[in-house]
Amino acid sequence: GASYRSKIFAANLALEYSGAFDRDALGRHSWSPSADLRVRLFKGLDAVMFARRAYRVPTFNELYYVGYGNPSLRPEDAWLSDVGLEYSCALVEGLRLGGKLNGFYNFITDKIISAPTAEDPNIWAPDNIGRVRSTGMDAAASIDYTKGTFYCHASVKYSFLSSIDKESGAQVPYTARHAACASADVSWKRWSVNAQWQMRAARSDSYGRMPDWNTLD
């Protein structure tokens, strides 16, 4: 890998090799290039971009676990790209704001998912989806405040994901189009309290729309 840094520009370039070789089975391996760029637009505001290949070999359990594994499972091969903005500023002493907004485009071959089997819907197994196009956006905002032994953090995140099976033209099963998360942490000396809310919406399976869900911890 190689990197470059200046006051307004940063770049990281890398080339990674990964491989897995089973006895009496085909080897799985790849070269994965990546490039990460960051440009300072104004004080506290950066433009970020990346492009990379992500190659995932199935795990041992996905291939061979009794009652679950799929020995014919193929590696997942993805080309990922992202462009966005990141903002950070200190308003007053101890108070800091942050925000991110990113858009992405990913193309995935042989995406690995787990789904009910045709023989028994109660038994799930991994399988490949030939070609998947994923596009969407992520947005996040946070606030941090520190004064002496007191610390407070709060954040909100939202993601929109259109993950389309190119063969069927439908959203990949069990993949939520909308996801949101809000969390807050407060600590003072040795005491702390935290809360987190999560939501997943607009999922579907082979039978149609699935119920939305949310949790509060």
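Let me begin by describing the structure that accompanies this report. (Residues numbered from 1 in each chain as written. Predicted model: local features only at pLDDT ≥ 70, side-chain atom pairs only at ≥ 80, totals over all residues. Heavy atoms only, no water.)

A short note on the environment of arginine 40
The line we're drawing: Helix numbering and strand numbering both begin at the N terminus, where a helix is a DSSP run of H or I of at least 4 residues and a strand a DSSP run of E of at least 2. Pairs of residues are marked as contacts when any of their non-hydrogen atoms sit within 4.5 Å. Two N or O atoms form a polar contact when they lie within 3.5 Å of each other; inside protein one atom must be a possible hydrogen donor and the other a possible acceptor, and for residues adjacent in sequence the pair counts only when both atoms belong to side chains.
Among the secondary structure elements, arginine 40 is positioned in strand 3 (residues 28-42). Between the alpha carbons of arginine 40 and leucine 85 there is a distance of 9.9 Å; along the sequence they are 45 residues apart. Those residues in contact with arginine 40 that sit more than four places away from it in its chain are Lys7, Ile8, Leu45 and Asp46. Engagement of the side chain of arginine 40 in a polar contact is seen with the side chain of aspartate 46, the distance being 2.4 Å.

Comments concerning the pattern of salt bridges
We apply this condition: Any Lys or Arg side-chain nitrogen located within 4 Å of an Asp or Glu carboxyl oxygen qualifies as a salt bridge. Each residue is assigned to one of three classes by its accessible area relative to the maximum for its type, calculated with a 1.4 Å probe on protein chains only: buried under 20%, partly exposed between the two thresholds, exposed over 50%.
Summed over all chains, the structure comprises eight salt bridges. For the salt bridge of aspartate 36 with arginine 52, the shortest nitrogen-to-oxygen distance reads 2.7 Å. Residue aspartate 36 is located in strand 3, and its partner arginine 52 is located in strand 4 (residues 45-56); the two are separated by 16 residues in the primary sequence. Taking relative accessible area as the criterion, arginine 52 reaches 27% and is therefore assigned partly exposed. Its salt-bridge partner being arginine 38, residue glutamate 86 comes within 3.1 Å of it at the nearest N-O pair. You can see glutamate 86 sitting in strand 5 (residues 76-92) and its partner arginine 38 sitting in strand 3, a full 48 residues away along the chain. Since its relative accessible area comes to 32%, arginine 38 is described here as partly exposed.

Here we look at the environment of glycine 99
Here glycine 99 is to be found in strand 6 (residues 95-116). For the pair glycine 99 and alanine 139, spaced 40 residues apart in sequence, the C-alpha to C-alpha distance is 7.6 Å.

Notes on the sheet that holds strand 4
The test is simple: Two strands are said to pair when DSSP picks up at least two bridges between them. Note on method: axes are straight lines fitted to C-alpha atoms, helices fitted across the in-contact stretch only, with angles between N-to-C directions ranging 0 to 180 degrees.
The antiparallel open sheet is built from 11 strands, whose spatial order is 1-2-3-4-5-6-7-8-9-10-13. Lying at the two open borders of the sheet, with one neighbouring strand each, are strand 1 (2-5) and strand 13 (213-216). Adjacent strand axes in the sheet meet at a mean angle of 15°, parallel and antiparallel pairs treated alike. By the bridge criterion, 21 bridges tie strand 6 to strand 7 (residues 124-147) in an arrangement that is antiparallel. Paired with lysine 100 across the bridge in strand 7 is alanine 140.

In short, geometric facts, not functional conclusions.
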